[in-house]
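# Reading the structure
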Amino acid sequence: MWHDNILGAIGNTPLVRINNVVGDLPCTVLGKMEFFNPGGSVKDRIGVTLIERAEQEGKIEPGGTIVEGTSGNTGAGLAIAAIAKGYKCIFTTTDKQSQEKVDVLRALGAEVLVCPTNVEPDDPRSYYSVARRLAEEIPNSVYLNQYDNSANPKAHVETTGPELWKQTEGRITHFIAGAGTGGTISGTSRYLKEHNDDVQVIGVDPMGSVFHKYFHEGVFDEDEIYPYFTEGVGEDILPENMDFDAVDDFVQVDDKTSMQMTRRLAREEGLFIGQSCGMAMAGALQWLNDHRDDLSEDDVVVVLLPDSGFRYLSKTYNDEWMKNHGFLESRPEVTADQVVSARKTPRTVISASPDDTIGAVIERMTEQSISQVPVVDGDDVVGSVTESRILNRLVENPSARDEPVSTIMGEPFPVVPASLHLDHLTSYLEGDTGAVLVERDAGYTVVTKSDLISALARMGRNGNGAS
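Worth saying up front: this structure is predicted, and the values here are computed from it rather than measured.

A sheet is described by the order of its strands in space; here four strands give the open sequence 5-4-3-6, paired in parallel fashion. Two strands in the sheet have a free side with no partner beyond their single neighbour: strand 5 (111-115) and strand 6 (141-143). Taken pair by pair, the neighbouring strands of this sheet meet at an average axis angle of 15°, ignoring direction. Set on the sheet, helix 2 (residues 73-85) makes contact with strand 3 (65-69) and strand 4 (88-94); between it and strand 4 the angle comes to about 175°.

Given below as C-alpha cells:
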C-alpha cells in the first residue's frame, strides 16, 4: 500500500499508555502521539483543511502564496500541504520560538519573517499584523488565519475525534489538551460530546495566557498576560475557534513544571516530545489528582501530545538553557567540607616527605588502605605519589624500594578550600591526579573520586539532599 503523496500519511496516530509518570491514579491514561504525523505535529491535520477551504472559496489560484502567522508547527503542516498542491509559503513567527522550528520551515521552502513577541496583537510589528499586511500586498495570496478560520476545528471534528472514538472503542471518558488557536480542543470535543455528552474535556493553559481566567471568570484580563517560554500554546487574544462551551474545565501550568515534565516523559516513558506535551501532561496529572475520588479503573483518559522533541533540542533538551532559565532543579549547595564530614571515616592527611623511601611509602599506604599520598616538605605540598606511579617504577626496577620518593612523585594534588562547591570539586577530580587536598582547620584531608561517591551516597541515605 502507498499514498499518492505525503498528505495521505497525516492522521491515524497511535495511542500509547502512560505508565510511569502517572503514579497510582486508578484510571488508564493514554497519550495521543501526534508527532507521528509527517510534519511532526498535530498541526498537519489542519494544513490541508485550511488550504482546501481557501481553494473552495476562490481565495487562491494555482501557483499562489500561502501566508500565515505560526509558532512553527502550523507552518510545517501548511508547507507540506503547499508542496503537494504547488503553492508558495510565507510565514511570520515570533522571536521566542526555537531556531529548530524556523529551520524546519525554511527547509520546507518557506520564507520566514521573525517578529517581536512582546508587542500587542494589533501592533503593526506583531506576527498577526505582519501576516495580514503581506497577504494584502502580495498578488494571489491568502492569509489563512488559523485563529478564526472554522476549517481549523472542522479538521478535528473529521479526524482527531473519530480516531479517538475508534481507538478507544468508545470508552474514552476524558480528553485533555492544551489550547492555542482552540481548534484542536474545540473540534475534538464537539465530536466526542456528540457521541457521549458525558466525556469531560479539560483544557490546559500556560501561566501568562488568557484562557484560564476567561473560562473561570469570563474576564479578559490584560494584567494576566505576560511572556512565557512554553511554545505553541496559550494566547494573548481570544480566537474565534476557542469554543469555551466545548470545555468542562481549565487548569494552568507554569513553565518550569511544563519543561520538567517534558524531560520526564522522555526519560521515564521514552517519549521524545515537545514543550506543550509536557504542559498538557502536567496539567492532566494535576487535574486527575485533584479529582481522583471521582475516578475509577474504567475511566480512559486521553492526553493529546502535540509535537516532537526534535524542535526543542536547543531549549528544553539543552541543560544550559534549562539552567539559565531556572527550569532545572539545581543541585544542593554541597561543599567539600560536607563531603569530608559525611565520609565514613573522616581522616587527616597521610603524607610523605621527599626523602622518604618508596618502600616506606608503600608500607604507609598499605597500612592506611589508601592509593595516593601528597608529598609535603615542611608546610609546602610539593608533589604526589600514587600506587600506579609506584607500580610502574617497581616494574622497571624491582630494587627501587630504597629510592627516595622524590624520584617518582608527580604534580601536587590541588589544594581546595573547605567551602568549595560540589560542581567545582568534581571538576578537580576529573583531572589527572584524581584527588584533592581539602584545607580544613585540623589540617589537610585527601578526597578522591571514590571518597566523593561514598560520601554522597551516605548523604543521600541520611536525607541530606545530595544528588
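Now, onward.
A separate point is the environment of Gly234. Along the chain, the position of Gly234 falls in the loop between helix 8 (211-217) and strand 9 (249-253). Taking the relative accessible area as the measure of exposure, Gly234 reaches 6% and is therefore buried. In sequence terms Gly234 and Thr181 are 53 residues apart; their C-alpha atoms lie 7.9 Å from each other. Leave out the neighbours within four places in its chain, and Gly234 touches Ala179, Gly180, Asp205, Pro206, Ser209, Phe211 and Tyr228.

With that out of the way, let us pick up the pairing of strand 5. Working note: regular strand, side chains alternate between the two faces of the sheet. With five bridges joining them, strand 4 and strand 5 adopt parallel strand pairing. Bridge assignment links Phe91 to a residue of strand 5, and that residue is Val112. Where the polypeptide runs from strand 4 across helix 3 (residues 99-107) and back to strand 5, its parallel neighbour, the crossover connection is right-handed.

What follows is about helix 2. Over its 13 residues, helix 2 runs 19 Å from end to end, which matches the ideal 18 Å to within 8%, given 1.5 Å per residue. Burial within helix 2 is extensive, with ten of its 13 residues counted as buried. Along helix 2, the residues classified as buried are Asn73, Thr74, Gly75, Ala76, Gly77, Leu78, Ala79, Ile80, Ala81 and Ala82. Taken together, the buried residues of helix 2 touch helix 1 (44-56), strand 3, strand 4 and helix 3. Gly86 sits one or two residues past helix 2 and shows a positive phi near 85°.

Quantified by volume, the largest pocket comes out at close to 860 Å³. Lining of the largest pocket is provided by 48 residues; of these, Tyr228, Val233, Gly234, Glu235 and Asp236 occupy positions nearest its centre. Those elements that place two or more of their residues in the lining of the largest pocket are helix 2, helix 4 (127-137) and helix 7 (183-195). Take the lining of the largest pocket: its biggest share by element is three residues, from helix 7.

Criteria and cut-off values
- Residues numbered from 1 in each chain as written.
- Predicted model: local features only at pLDDT ≥ 70, side-chain atom pairs only at ≥ 80, totals over all residues.
- Heavy atoms only, no water.
- Pairing = 2+ DSSP bridges.
- Helix = DSSP H or I, 4+ residues; strand = E, 2+ residues; numbered from the N terminus.
- Axes fitted to C-alpha atoms, helices over the stretch in contact; angles between N-to-C directions.
- Contact = heavy atoms within 4.5 Å.
- Buried < 20%, exposed > 50% of the residue type's maximum accessible area, 1.4 Å probe, protein only.
- Right-handed = clockwise from strand over helix to strand, strands pointing away.
- Expected span 1.5 Å × (residues − 1).
- 1 Å grid on protein atoms, 1.4 Å probe; cavity = no way out; pocket = protein on both sides within 12 Å on 5 of 7 lines; lining within 4 Å.
- Points joined across faces, edges and corners; volume = space filled by probe spheres on them.

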